[in-house]
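# Fold and contact review
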Amino acid sequence: MAEAQAQQRGGFAEADGGLRYEVDGEIATITLDRAEKRNAQTFATWSALARIGENMPEQVRVVVVKGEGPSFSAGIDLRMFTPEGVPGEGSFGSTAKLPNETFEQRLGQAQQGFLWLRRPEIVSIAAVQGHAIGAGFQLALACDLRIVADDVKFCMKEPALGLVPDLTGTKPLVELVGLAKAIDICLTARIVEADEALRIGLAEKVVAGGDLAKAVEDKIAELLSVNRDAAVATKRLLQGARSRSLEEQSRAEGLEQAKRLRALFG
Ligand code: ACO
């Protein structure tokens, strides 16, 4: 049905990996669609995400990532911890036997599913309700903005399971909340609820569960109200700000502005 809807709107759908995907003009929506398993993620999920990123139509300016059902995502599929693993994908037991290079390659492919969500050409929004655990938390962290329902429960469960978070989540977490708070959150694997998420900068906005879709729609309207090329250039500037000195950043502002002025008035 998602496919039919997407085709009607001139978009297209990507149904495997437990995902639904539709494009409606400047807005793309990716829905984790395995509510009965709390949107648990597998390598197929991350490959599908990466393919969506690779094939994102140029006109798209906003990408929404959301989850069906009571939870945004319960993280990696727990079958990975069993000897049988996930059919067609193996298990942590089989992954542990891979040569380093093969493991790095496999993880690198999985990470591609997350990294593209930071591209300057788009703004990505995670709409998060209920649990966002492990890979689910990291998927929310991969997005530029997080709008959350008041029942949200973020949890970086990996250290409790003997693992590290490796789906690109550690850098955005530290950048958002600072090193001490990131250590507190990850090394206790505790749950961060809505009030705290808002207070420490993990969430931009908290709304009642029933208002989540509307809050996301409102944010999209705000984002689409500014000039597209200026938005892309500004996001590029903001993303580079931390790694540049004040002088370098000022120069970068000038270079971007010169391009804008030429485009607008040249
Ligand atoms: N992988 C596979 N199946 C899962 C997962 C998961 N991560 N999480 C939930 N499910 C399944 C359950 O087994 C259950 O299936 P069943 O109906 O066939 O028995 C179904 O989803 C519903 O789960 P419940 O636990 O009944 O749902 P509830 O809403 O009460 O709880 C919660 C949700 C808190 C998310 C709970 O399911 C949970 O703790 N899941 C595991 C979370 C976890 O440890 N994830 C790994 C993090 S580490 C990482 O991502 C790298």
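Refer to the structure printed above.
Predicted model, so just to flag it, every value in this text is computed and none were measured. (Residues numbered from 1 in each chain as written. Predicted model: local features only at pLDDT ≥ 70, side-chain atom pairs only at ≥ 80, totals over all residues. Heavy atoms only, no water.)

### Considering the pattern of salt bridges
Under the criterion given, the structure shown has 16 salt bridges. Note that Asp-33 and Arg-20 form a salt bridge whose closest N and O atoms lie 3.4 Å from each other. Separated by 13 residues along the polypeptide, Asp-33 in the loop between strand S2 (27–32) and helix H2 (43–54) and Arg-20 in strand S1 (residues 19–24) bring together distant segments of the chain. (Salt bridge = Lys/Arg side-chain N within 4 Å of Asp/Glu carboxyl O. Helix = DSSP H or I, 4+ residues; strand = E, 2+ residues; numbered from the N terminus.)

### A few points about unusual backbone geometry
If you check the backbone angles, Thr-168 has positive phi at about 75° while not being a glycine. For Thr-168, the position within the fold is in the loop between strand S7 (153–155) and helix H6 (170–177). Overall, Thr-168 belongs to the partly exposed group, its relative accessible area being 21%. For Ala-189, which is not glycine, the phi dihedral falls at a positive 55°. As for its placement among the helices and strands, Ala-189 is situated in the loop between helix H7 (179–188) and strand S8 (191–193). With a relative accessible area of 15%, Ala-189 lands in the buried category. (Buried < 20%, exposed > 50% of the residue type's maximum accessible area, 1.4 Å probe, protein only.)

### Focus: the site of the ligand
Looking at the ligand, there are 16 residues lining it, with Lys-37, Ala-74, Ile-76, Leu-78 and Ala-135 nearest. Within the contact set of the ligand, an oxygen atom lies 3.3 Å away from a backbone nitrogen or oxygen of Glu-36. In this structure, Ala-135 approaches the ligand through a main-chain N or O atom, which is 2.9 Å from an oxygen atom. The fraction of the free accessible surface of the ligand (940 Å²) that becomes covered by protein chains is 63%. (Near = heavy atom within 4 Å. Polar contact = N/O pair within 3.5 Å; in protein donor to acceptor, adjacent residues only side chain to side chain. Areas by Shrake-Rupley, 256 points an atom, 1.4 Å probe, with all protein chains shown as cover.)

### Digging into the packing of H2 against helix H4 (residues 100–115)
The N-to-C vectors of H2 and H4 enclose an angle of 55°; their axes lie 7 Å apart at closest approach. One element, H2, and the other, H4, form an angle in the oblique class. Remark: the crossing between H2 and H4 carries left-handed chirality. Residues Phe-43, Trp-46, Leu-49 and Ala-50 of H2 touch H4, and the partners they reach there are Arg-106, Ala-110, Gln-112, Gly-113 and Phe-114. Along the lines of polarity and charge, the residues of the contact of H2 with H4 split into six nonpolar, two polar and one charged. (Axes fitted to C-alpha atoms, helices over the stretch in contact; angles between N-to-C directions. Parallel < 35°, antiparallel > 145°, perpendicular 65-115°, else oblique. Left-handed = near helix turned anticlockwise from the far one by under 90°. Contact = heavy atoms within 4.5 Å. Nonpolar A, V, L, I, M, F, W, Y, C, P; charged D, E, K, R; others polar.)

### A look at a nonpolar patch on the surface
The grouping of Leu-78, Phe-81, Leu-161 and Leu-163 at the surface amounts to a nonpolar patch, some 350 Å² of accessible area in total. Summarising the element assignment, Leu-163 is placed in the loop between S7 and H6. Owing to a relative accessible area of 31%, Leu-163 belongs among the partly exposed residues under this scheme. (Patch = residues over 30% accessible without salt bridge, like charges linked within 9 Å, V, L, I, M, F, W, Y side chains within 5 Å.)

### Thoughts on the nonpolar core
Counting 51 residues, the largest nonpolar core has Trp-46, Val-63, Trp-116, Val-128, Phe-154, Leu-173 and Leu-202 as the members making the most contacts within it. The element that contributes the greatest number of residues to this core is helix H5 (residues 135–142), accounting for six residues. Aside from chain neighbours lying at most four places away, what touches Leu-173 is Phe-137, Leu-141, Met-156, Gly-178, Ala-182, Cys-186 and Leu-202. Judged by nonpolar contacts, the second largest core, of 13 residues, contains Ile-125, Ala-127, Ile-147 and Ala-149. (Core = buried A, V, L, I, M, F, W, Y, C linked by side-chain atoms within 4.5 Å.)

Honestly, that's just the spatial picture; any functional story needs more than this.
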